[in-house]
Structures are given as structure tokens and as C-alpha cells.
Amino acid sequence: MGNDKGVLPSYPETEEGLSLDHQGLADWTRLPNDTVIHLFSTLNYRDRANLASTCRIWRNLGMSPCLWQSLDLRAHKCEASTTSSLASRCENLKKLRFCADESAAAIINLKARGLCEISGDHSGDISDTTLTVIAARHEALEIVQPGPFYNWISRNAIKAIAICCPNLRKLRRSGIRDVDGDAINALAKHCMNLIEIGFVDCRNVDEVALGNVVTLRFLSVAGTRRMNWASLKVLCALHCPALEEGDRGTTNYYPRGKLVIALFTDIFKELASLLGDVTKKESNVFSDWRNMKNKDKNLEEIMTWVEWILSYSLLWIADVSIEDLDDFWLRQGVALALSLMQSSQEDVQERATMAITNLSVNVDAAKAVVEEGGIKILSNLARSMSRSVAEEAAGELWNLSVTEEHKEVIAKAGRAKALVDLILRWCTSGDRVLEHAAGALANIAADDKLSMVVAEVGGLRALVMLAQNCKLVGVQEQVAHALANLVACVDGNSVKVGQEAGSLEALVELTYSHHESVR
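Computed from a predicted model, the values in this text were never measured in an experiment.

What counts and how
Residues numbered from 1 in each chain as written. Predicted model: local features only at pLDDT ≥ 70, side-chain atom pairs only at ≥ 80, totals over all residues. Heavy atoms only, no water. Helix = DSSP H or I, 4+ residues; strand = E, 2+ residues; numbered from the N terminus. Areas by Shrake-Rupley, 256 points an atom, 1.4 Å probe, with all protein chains shown as cover. Salt bridge = Lys/Arg side-chain N within 4 Å of Asp/Glu carboxyl O. Buried < 20%, exposed > 50% of the residue type's maximum accessible area, 1.4 Å probe, protein only. Core = buried A, V, L, I, M, F, W, Y, C linked by side-chain atoms within 4.5 Å. Contact = heavy atoms within 4.5 Å. Polar contact = N/O pair within 3.5 Å; in protein donor to acceptor, adjacent residues only side chain to side chain. Phe/Tyr/Trp six-rings, centres within 6.5 Å; stacked < 30°, edge-to-face > 60°. Lys NZ or Arg CZ within 6 Å of the ring centre and 35° of its normal. Axes fitted to C-alpha atoms, helices over the stretch in contact; angles between N-to-C directions. Parallel < 35°, antiparallel > 145°, perpendicular 65-115°, else oblique. Pairing = 2+ DSSP bridges. Left-handed = near helix turned anticlockwise from the far one by under 90°. Nonpolar A, V, L, I, M, F, W, Y, C, P; charged D, E, K, R; others polar. pLDDT = per-residue confidence, 0-100.

Considerations on the overall build of the chain
Line of reasoning, step 1. Secondary structure assignment for the chain yields 26 helices and 13 strands.
Line of reasoning, step 2. Total accessible area on the chain stands at roughly 23600 Å², and carbon and sulfur atoms take up 48% of it.

Topic: the pattern of salt bridges
Line of reasoning, step 1. The full count for this structure, using the stated rule, is 11 salt bridges.
Line of reasoning, step 2. Salt-bridge contacts for Arg 290 lead to Glu 307; the nearest nitrogen and oxygen are separated by 2.7 Å. With Arg 290 in helix H12 (residues 285-290) and Glu 307 in helix H13 (residues 297-319), this residue pair connects regions lying 17 residues apart in the sequence.
Line of reasoning, step 3. For Arg 290, a relative accessible area of 22% gives the class partly exposed.
Line of reasoning, step 4. Through salt bridges with shared partners, one network takes in Arg 169, Arg 217 and Glu 301.

Quick word on the nonpolar core
Line of reasoning, step 1. Formed by 97 residues in total, the largest nonpolar core has its most connected members in Ile 261, Phe 286, Leu 310 and Leu 314.
Line of reasoning, step 2. Of all the elements, H13 adds the most residues to this core, at 14 residues.
Line of reasoning, step 3. Setting aside chain neighbours within four positions, we find Leu 314 in contact with Leu 238, Phe 328, Trp 329, Gly 333, Leu 336, Ala 337, Leu 340 and Ala 355.
Line of reasoning, step 4. If you look at the next biggest cluster of nonpolar residues, it comprises 51 residues, including Ile 107, Val 144, Phe 199 and Leu 210.

Observations concerning helix H23 (residues 459-469)
Line of reasoning, step 1. Within H23, 8 of the 11 residues are buried, which leaves the element mostly enclosed by the surrounding structure.
Line of reasoning, step 2. Those residues of H23 lying buried are Gly 459, Leu 460, Ala 462, Leu 463, Val 464, Met 465, Leu 466 and Ala 467.

A closer look at the side chain of Glu 307
Line of reasoning, step 1. Assessed through its relative accessible area of 1%, Glu 307 is described here as buried.
Line of reasoning, step 2. Here the side chain of Glu 307 touches Gln 345 through a polar contact of 2.9 Å, side chain to side chain.
Line of reasoning, step 3. Setting aside residues no more than four positions away along its own chain, Glu 307 makes contact with Phe 286, Trp 289, Arg 290, Leu 340, Ser 343, Gln 345 and Val 348.

Quick notes on the environment of Thr 130
Line of reasoning, step 1. By the secondary structure assignment, Thr 130 is in helix H6 (residues 128-137).
Line of reasoning, step 2. Exposure remark for Thr 130: the relative accessible area of 13% places this residue in the buried category.
Line of reasoning, step 3. When the C-alpha atoms of Thr 130 and Ala 106 are compared, they prove to be 9.6 Å apart, with 24 residues separating the residues in sequence.

Here's the deal with the packing of aromatic side chains
Line of reasoning, step 1. Throughout the structure, instances matching the rule amount to 4 aromatic pairs.
Line of reasoning, step 2. A centroid spacing of 6.3 Å and a plane angle of 75 degrees characterise the contact between Phe 40 and Trp 58, whose relative ring orientation is edge-to-face. You can see Phe 40 sitting in helix H1 (residues 33-41) and its partner Trp 58 sitting in helix H3 (residues 56-62), a full 18 residues away along the chain.
Line of reasoning, step 3. The buried category is assigned to Phe 40, whose relative accessible area is 0%.
Line of reasoning, step 4. Arranged with centres 5.4 Å apart and planes meeting at 65 degrees, the rings of Phe 328 and Trp 329 form a pair that is edge-to-face.
Line of reasoning, step 5. You can call Phe 328 buried: its relative accessible area is 3%.
Line of reasoning, step 6. Accessibility expressed as a relative area gives 5% for Trp 329, which makes it buried.
Line of reasoning, step 7. A cation sits over an aromatic face here: Arg 48 above Trp 68, 4.7 Å from the ring centre.

Quick notes on the pairing of strand S7 (residues 170-174)
Line of reasoning, step 1. Burial analysis of S7 places 5 of its 5 residues in the buried class, which makes it a mostly covered element.
Line of reasoning, step 2. Neither face of S7 is open: one carries Lys 170, Arg 172 and Ser 174, the other Leu 171 and Arg 173, and all of them are buried.

What about the side chain of Ser 379?
Line of reasoning, step 1. Considering the arrangement of structural elements, one finds Ser 379 in helix H17 (residues 374-382).
Line of reasoning, step 2. Judged by its relative accessible area of 0%, Ser 379 is buried.
Line of reasoning, step 3. Here Ile 375 takes part through its backbone oxygen, which lies 2.8 Å from a polar atom of the side chain of Ser 379.
Line of reasoning, step 4. Aside from chain neighbours lying at most four places away, what touches Ser 379 is Leu 397, Arg 415 and Ala 418.

As for the packing of helix H21 (residues 432-445) against helix H22 (residues 448-456)
Line of reasoning, step 1. In contact at an axis separation of 7 Å, H21 and H22 are set at 135 degrees when each is read in the N-to-C sense. Judged by the angle between their axes, H21 and H22 are oblique. Taken together, the residues of H22 that come into contact with H21 (itself represented by Leu 441, Ile 444 and Ala 445) are Leu 450, Ser 451 and Val 454.

Let's talk about helix H20 (residues 416-425)
Line of reasoning, step 1. The buried fraction of H20 amounts to 7 of the 10 residues, a majority that puts the element mostly inside the structure.
Line of reasoning, step 2. Contacts from the buried residues of H20 go to H17, helix H18 (387-400), helix H19 (404-412), H21 and H23.

Comments concerning the pairing of strand S4 (residues 95-99)
Line of reasoning, step 1. Where strand S3 (residues 70-72) lies against S4, 3 bridges are found, and the strand directions are parallel. Bridged to Leu 71 within S4 is Leu 96.

Notes on the packing of H18 against H21
Line of reasoning, step 1. In contact at an axis separation of 8 Å, H18 and H21 are set at 25 degrees when each is read in the N-to-C sense. What the angle tells us is that H18 and H21 run roughly parallel. H21 is crossed by H18, and the crossing has left-handed handedness. Mapping the contact onto sequence places Arg 387, Ala 390, Glu 391, Glu 392, Ala 394, Gly 395, Leu 397 and Trp 398 in H18 and Arg 432, Val 433, Glu 435, His 436, Ala 437, Gly 439, Ala 440 and Asn 443 in H21.
Line of reasoning, step 2. Here the residues of the contact of H18 with H21 sort into 7 nonpolar, 4 polar and 5 charged.

Examining the environment of Val 214
Line of reasoning, step 1. Inspection of the secondary structure assignment puts Val 214 in the loop between helix H9 (207-210) and strand S11 (218-220).
Line of reasoning, step 2. For Val 214, a relative accessible area of 67% puts it in the exposed group.
Line of reasoning, step 3. In this structure, the C-alpha to C-alpha distance between Val 214 and Met 192, residues 22 residues apart in sequence, is 8.6 Å.

Focus: the confidence of the model for the chain
Line of reasoning, step 1. Per-residue pLDDT for the chain has a mean of 77; in total, 76% of the residues score no lower than 70.
Line of reasoning, step 2. Note that pLDDT drops below 50 for residues 1-17; the model gives that stretch 19 contacts with residues more than four away or on any other chain.
Line of reasoning, step 3. Taken as a whole, residues 247-253 scores under 50 in pLDDT and shows 11 contacts with residues more than four places along the chain or in a different chain.

The structure is reproduced here in C-alpha cells:
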């Protein structure tokens, strides 16, 4: 920078890049390019595109290929017009995640031709045609992961993927009624690097053809009735009738000599056998593995897969509300989910938290979550830079805060601050995440003593800011409840509300809402 330029004294860490212009204003266009690119990398695709539109320099930097190697479309409804506007940026896209039926069809408009990984969540009506077109355009695909609740993808789509994607390493699917020999043999013939298959909730799988996939190392068969164990080392078979309903003492049903993850096995003990003497306490197996300094590459691959498939399977059995599993959840299921919530894989964190959320309707399970340290884990996840992870964590804290003893644990352990920080972080780009956080604060503030805690950690300021800036009905409703509880419980809070800048105007505006639940 020139010698005639001053620097902002309150930002010494950027003194070489951020300067003042002749009017004394910060000249953001003079930031180093790598600093701007790092700033872009922390934003979701919408905010990234909006920021890039502010000036020519940032528009060029916002097009940098390194920013568009990965794209997550799950946070917003994504239609053809959205993907068309992103197409020019996504020519070098490698990893894509999407959610909902519109997105599945819309992503075909992206110009990318070299995707290596594609994941889709909750897209119930995606067709064979859509998935086949995606596979045909992306021959480099290594990971294909259509998410839970796919009902209309047939075995023909598997054949298309096998033929079009010879580099395929991982195929994770659910909800296919029959996976026949032709489809599996196509995988065996064309995909010589295939090491993982997930056939979750499939009625029938050709057991003979499966044995032809000689490269297979990891297999999940949750909900599947017919399987061939092949030469697998680790078998995840949570809620697998072929194991659970048969004679577990015979080789016909129990795959001896293999590590089995099932409802009737001690999963922590099974996994601890992989680490040998590294873990002293079986329930700490995941944390001990994550903290290992010199990790074996083979063990790393196995445990990474175990985290993924366990989170998927736990969410599946929690979501479909399978009966008679209360004992499993209390014995090890809750502890497993809480361990997985501390994974470094964001999709594992998200699914494990969703499983816990689905269980919270069970009083005993909710109590177990709190007793096992779940509130601390959830509070840490609420600070995640991933909005989907933060959203699920805030949602579970909201659920737990309904109960008097649980809300007291949240407030007195200092975890309410995590909810306030979450609101401040996502105040302009959240919806459900803000509703969840405001709802949890509203429940906590309903207690006379705990309302003071909410005010002391900055909850009042955050809620007033939401009232001013977020017009979504669900968010406004929870903000109105929270502010009403804060004012009603302690007289001092009423004074603080009046002193908070813009608070009275925000409250007046809420009283004029068209929605009765807000007023």
C-alpha cells in the first residue's frame, strides 16, 4: 500500500491489505486476493454470488475455480433458474449435494461434466431418467449417494450407473424393492474399483450375484432380507431380519469371523476390537480413534465408513419408528448417536443429530441424551459453520428445553450463549435455524430465574435484532413468545427491553402482524 494511506487501528491483522481512501472510508477492494477468496469460501452459494456482484474485481475473484469445487444446494429451494445462473461458475465442480425433487431435475442445467461425488437428500420422486442423465454426463463419478426415502428408482438405474461410471467406488441406495442379478453383475463387470455398496431397506438382493463383486469391502443391508456375506470384514446390518429372526447360532444366519453391527450385538465392543489396545474403555472407541496420532490407513477407511453407515442406519430406524427398539436405544443407540455427533464428517453429525431429534418424543430417550452429556455436544454443534448441522442441533435443544429440568441444564451450563451466537451468525440467511434457536430461548425464558440468564448472555439483543430483520412467520412467532416471556418474568427485563435500541419499535411492529400467533 502507498505511504499516504492510513490503516484501520482496530484491525491490525489486516494492516497490509485494508486501507482508507481519501474520505477516511475502508477500501475493501484493496484486500489481498487470497483474503477475499477465503472470505468467499466461508459463504453459501447464494451469498457468494451476491457478494461477487458488488464490483468487477470481486466478481472475477468470485468466479475462481477453487470456490466452486463443491456445491451444497440443500439450504434453499433450487430450481432450474438457479442452476442456470450458477452454470458458468460450475464447469469444474467435483462435489454436489442437493435436496428435494426440484433440485434433482434442476442440477442437469449445470455445465459441470466432471463430478466425482453426488449426494441427494429426501428426493422421493427422482426418476430413473434423471439419475441416468446425471450418470451419463459425469463418467468420473466415484460416489453416488441418493439419500433416504427414494421410492421410484429402479434396478435399471443401477445398471445405467454401472455402465456410465467405471470409476465408481461407493454406491449408497435405499428403497429399491428388488436388486436383481443383472444390475449387480453390471456393477461387478464395469466398476472394478467398487469397494462399498449400501442397499438399505431393499426387499431382495441377489445373493449369488453379490458374490461376484470381488472388490467389495463394505456392505450395508439394513432392512434387507436376503444377503450373501461374501468376503466382507465389517457388516452393518441394523434391523436386518435375516440375522434377527433366524437362529443366530448357525452359520446360515450369523456371519462368523466378521465384525457385525446389529441390534443384538454390542456395537462399541465390536468396534473396539478393531483398535486393540488403543482404547481402554469401549464406549470411547470413536474418540480414541479420532485422537490417534499415527493412524493406520486401512483402519481409517473402515472407521470413516462405520461412522457414515451407522449415522445413516440410526437415522433410518429412528425415522420409521420401528417398534420394540426402546431397549436398543437406551442400551447403546443414544450413546452411539452422541458419539457420531462429534464426528469430523458434517453429514454424519447432521444425521446423528436428526436421529436424536426423532427420539426426543420418548421421555426416557430424552433423559438419556441429557445424562450422556448431549446438551454440551448439541451446544457445540450449534456453533457449527454448517447451517444444516447448526439447524438440527438447535432443533434438538428446542425439543429438550420443553422440559423444566432440561431447560435448567441448558441455561445453567452456559449453553444458552450458543443459541444467541447462532442467531447472530445466521440472522440474515436462516429460516428454520432461527426459528429453532428463538424457540429454545423462548422456552428457557418462560422460567423466571432462567430468563435473567437469557438476558445476560445477549439474548435480548439477538431477539430484538430478529424482530427487526426477519419477517418469516415461524421466526416472528418464536421471537414474540421469547420477548413476552422475558418481559413477563422479571421486572428488570422490562427495563432492559425498553433500553435496547429499536426494541420498542420492533415490539410495536410485532403487535401489528397479520398473524394472530405473532400478535
